[in-house]
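Descriptive analysis of the structure
Single-letter residue listing:
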Amino acid sequence: DTDLLIRQDDRAIVTQVMLELGYRGWTQTSGDLVMPQFTFVKDDCAGIWHACDFHLKLLNPAVFANLLSFEAAAARSVPVPALGKPACAFGPLDALLVACIHRVAHHHDSGKLLWLYDIHLLANGMDRPAFEAFVALAAEKQVRTVCVRGLMLARRWFATDVPSDVMATLAVHDRPESSAASLHGPLSRRDILLSDPPAARGSSGIGRAVV
């Protein structure tokens, strides 16, 4: 499938474009807190099934959902000419951050090499200043535990070239990180809801979640 991060306000126009291209909406769990994304699918003339997941937030679990806004990602994005002039992707720092947290947030700390190889390729393309900027970003977003876990596994399986002092700095925590709970196994829908403090307190948004 193809994952795309879009602005909340662009949902209607995205829906119109996908329907005009022959895609159909995919029925799935909805709700601002549980599943802030929607999907369109299509079978092409060769019988190949295509799915496009449009994310209104970065990731589904609330603890990760708002780590990176569309506006912040767009400001640091890089062009992808092979996909057309308007196409762009996450910049290097954001791409590595997302690769580290995606395998935990959506795949429960999976040891699948596909996710780890993404981390390996992205990390091997970074120089010293980029690693320092990445450490600062992980600290700001409070995902150092998750990031050091992904980098550690990438080093184990692919000998990824990450400076030891970078790993040591990521491993130092001045305060607990709620995101680290995702490393202890799959979260239930209840756990996902309770990982968002406003939802846990019974905010008005809780009623919009369909579990």
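Summarised in this report is the structure supplied together with it. (Residues numbered from 1 in each chain as written. Predicted model: local features only at pLDDT ≥ 70, side-chain atom pairs only at ≥ 80, totals over all residues. Heavy atoms only, no water.)

**With respect to the overall build of the protein**
Put simply, the rule is: Secondary structure elements follow DSSP: runs of H or I no shorter than four residues count as helices, runs of E no shorter than two count as strands, and numbering proceeds from the N terminus. Partly exposed describes any residue whose relative accessible area lies between the buried limit of under 20% and the exposed limit of over 50%, with all areas from a 1.4 Å probe on protein chains only and scaled to the type maximum. Here, two residues are considered to be in contact whenever any of their heavy atoms come within 4.5 Å of each other. Computed with the Shrake-Rupley method and a 1.4 Å probe, the accessible areas treat only the protein chains shown as cover for residues.
Each helix and strand counted, the protein has ten helices and six strands in total. Looking at the protein as a whole, 42% of its 211 residues qualify as buried. Look at the contacts in the protein between residues 6 or more apart in sequence, and 60% of them connect residues 24 or more apart. Total accessible area computed for the protein in this model is approximately 11,500 Å², and 58% of it derives from carbon and sulfur atoms.

**A closer look at the packing of aromatic side chains**
Just so we agree on the cut-off: Side-chain rings of Phe, Tyr and Trp (the six-membered ring for Trp) are treated as a pair once their centres are within 6.5 Å; stacked means planes under 30 degrees apart, edge-to-face means over 60, and tilted covers the remaining angles.
Applying the stated criterion to the full structure yields five aromatic pairs. Measuring from centroid to centroid gives 5.4 Å for F38 and F54, while their planes differ by 20 degrees, and the two rings are stacked. Here F54 lies in strand β4 (residues 49–55) and F38 lies in strand β3 (residues 37–43), a separation of 16 residues in the sequence. Aromatic pair F40 and F54: ring centres 6.5 Å apart, planes at 75 degrees, arrangement edge-to-face. In this pair, F40 sits in strand β3 while F54 sits in strand β4, placing the two residues 14 residues apart along the sequence. Like F40, the residue F54 is buried in the burial classification. Among the aromatic side chains, those forming a connected cluster through ring pairs are F38, F40 and F54.

**Remarks on the packing of helix α4 (residues 92–105) against helix α6 (residues 128–141)**
Here is the rule: Orientation is described by lines fitted to C-alpha atoms, with helices fitted over the stretch in contact, and by angles between N-to-C directions that extend from 0 to 180 degrees. For this classification, under 35 degrees means roughly parallel, over 145 means roughly antiparallel, 65 to 115 means roughly perpendicular, and everything else is oblique. Left-handed describes a crossing whose near helix is turned anticlockwise from the far helix through less than a right angle; right-handed describes the clockwise counterpart. Gly counts as polar in this scheme, as do all residues outside two lists: the nonpolar Ala, Val, Leu, Ile, Met, Phe, Trp, Tyr, Cys and Pro, and the charged Asp, Glu, Lys and Arg.
Axis separation between α4 and α6 bottoms out at 10 Å; the angle between their running directions is 55 degrees. Comparing the axis directions of α4 and α6 gives the class oblique. Handedness of the α4/α6 crossing: right-handed. Contacts from L93, D94, L96, L97 and C100 in α4 reach A130, A133, F134, L137, A138 and K141 in α6. Partitioning the contact of α4 with α6 into residue classes produces nine nonpolar, no polar and two charged.

**Looking at the nonpolar core**
Buried together is how nonpolar side chains tend to be arranged in soluble globular proteins. Note the threshold: Only buried Ala, Val, Leu, Ile, Met, Phe, Trp, Tyr and Cys residues count toward a nonpolar core, and they belong to the same one when joined by side-chain atoms within 4.5 Å.
One finds F64, I101, I119, F134, V143, L151 and L170 to be the most contacted residues of the largest nonpolar core, which totals 38 residues. Of all the secondary structure elements, the ones that give two or more residues to this core are α2 (62–65), α4, α5 (113–124), α6, α7 (144–158) and α8 (164–171). Sorting elements by how many residues they give to this core places α4 first, with eight residues. Judged by nonpolar contacts, the second largest core, of nine residues, contains I6, F38, F54 and L56.

**Structural notes on α5**
To be explicit about the condition: Here the expected span of a helix is defined as 1.5 Å times the quantity of residues minus one. The arc in question is formed by the directions pointing from the helix axis toward the C-beta atoms.
Over its twelve residues, α5 runs 16 Å from end to end, which matches the ideal 16 Å to within 8%, given 1.5 Å per residue. Here α5 has its buried residues at W115, L116, I119, H120 and A123. Down the axis of α5, the smallest arc covering the buried residues is 145 degrees, so these residues share one side. Those residues of α5 that are buried are in contact with α4, α6 and α7.

**A closer look at the environment of F158**
Position of F158 relative to the elements: it lies in helix α7. F158 sits 42 residues away from L116 along the chain, and the two C-alpha atoms are 8.5 Å apart. Excluding residues that lie within four positions of it along the chain, F158 makes contacts with L113, L116, Y117 and H120.

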